[in-house]
Amino acid sequence: MSSRHHDIADDIRHQITTGRIKPGERLPSEAGLADRYKVSTVTLRSALAVLQGEGLVEKIHGKGNFVRRPPRKIVYVGGWGTLDPWTAAEAALHVTVRSTTVQAQGHLATLLKVPTGSPLAEFVCISHEGESPHGLARIYIPRDLAPAGVLDDEASCREAVARFAVLSVPPAAVQETVCARPPTPDEASTLRTNSTAPILAITRVATDATGRVVEAALLVLPGDRVDAVFTTHHMTDERQTQA
């Protein structure tokens, strides 16, 4: 079986790379493919797993196996903490947003420096291009600081949410901690990415002039679909300026 499923993967890969099967096209059913190649569905699924691991094919629950479109890059603008929509892709990303109120527990209470049980406004944002998820953001704001209209889904606030932007009052400082790591099972499922493919995880903490945390965001972006751009501004030495 071992060599057979690799042979099948090679054949389907060749059809994809030569354009016989187009990006976004649905493959025949697993039963149909198994019949075509005269193998069991177990062997056929092993072949598809190879192609899924390579990022050529993705399985969409309840719909079937599809040839993946080449991943389009989005740009995360460090320091401002937003997705840059102009460099995202020709096709506009659309973002689904779910907002609710939760209680600060464990890691969140520590991150926002609030007592356990404190009410937080939570925004869960998922950006998509067509069927393909591009990023996941969980944004938390102390409930008493949540701007009017954000939880009510006003249009002016929705644009900021859609760009994963800082939603609270303009902060005095934004600290971003960036790391590459494997996705959690929930993240892999939400972003439909391979569980071994690295994701870029950004923890963004915004504080006001008094040092109070006004917002914390946990951003998860597939490593093959994002560039993170950070710009450094050199500080002028005032003593030299005055000399």
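Nothing here was measured: the structure is a model prediction, and the numbers come from that model.

**Student:** Got a minute to help me understand the pairing of strand β7 (residues 132-142) in this structure?
**Tutor:** Consecutive residues of a regular strand have side chains that alternate between opposite faces of the sheet. With nine of its 11 residues buried, β7 lies for the most part within the structure. Pairing analysis gives 10 bridges linking strand β6 (residues 119-129) to β7, with the strands arranged antiparallel. Paired with Glu-129 across the strands is Ser-132, a residue of β7. Between the end of β6 and the start of β7, which pair antiparallel, lie two residues, with Gly-130 showing a positive phi angle near 65°. The pairing of β7 with strand β10 (residues 213-222) spans five bridges and is classified as antiparallel. Along β10, the bridge assignment pairs Ala-137 with Leu-219.

**Student:** Would you mind showing me how to read the packing of helix α2 (residues 30-37) against helix α3 (residues 41-53) here?
**Tutor:** What describes two packed helices is the angle between their axes and the distance between those same axes. At a minimum axis separation of 9 Å, α2 and α3 run at an interaxial angle of 105°. By the angle class used here, α2 and α3 are roughly perpendicular. Contacts between α2 and α3 involve Glu-30, Ala-31, Leu-33, Ala-34 and Tyr-37 from the former and Thr-41, Leu-44, Arg-45 and Leu-48 from the latter. Here the residues of the contact of α2 with α3 sort into six nonpolar, one polar and two charged.

Thresholds applied
Residues numbered from 1 in each chain as written. Predicted model: local features only at pLDDT ≥ 70, side-chain atom pairs only at ≥ 80, totals over all residues. Heavy atoms only, no water. Buried < 20%, exposed > 50% of the residue type's maximum accessible area, 1.4 Å probe, protein only. Helix = DSSP H or I, 4+ residues; strand = E, 2+ residues; numbered from the N terminus. Pairing = 2+ DSSP bridges. Axes fitted to C-alpha atoms, helices over the stretch in contact; angles between N-to-C directions. Parallel < 35°, antiparallel > 145°, perpendicular 65-115°, else oblique. Contact = heavy atoms within 4.5 Å. Nonpolar A, V, L, I, M, F, W, Y, C, P; charged D, E, K, R; others polar.

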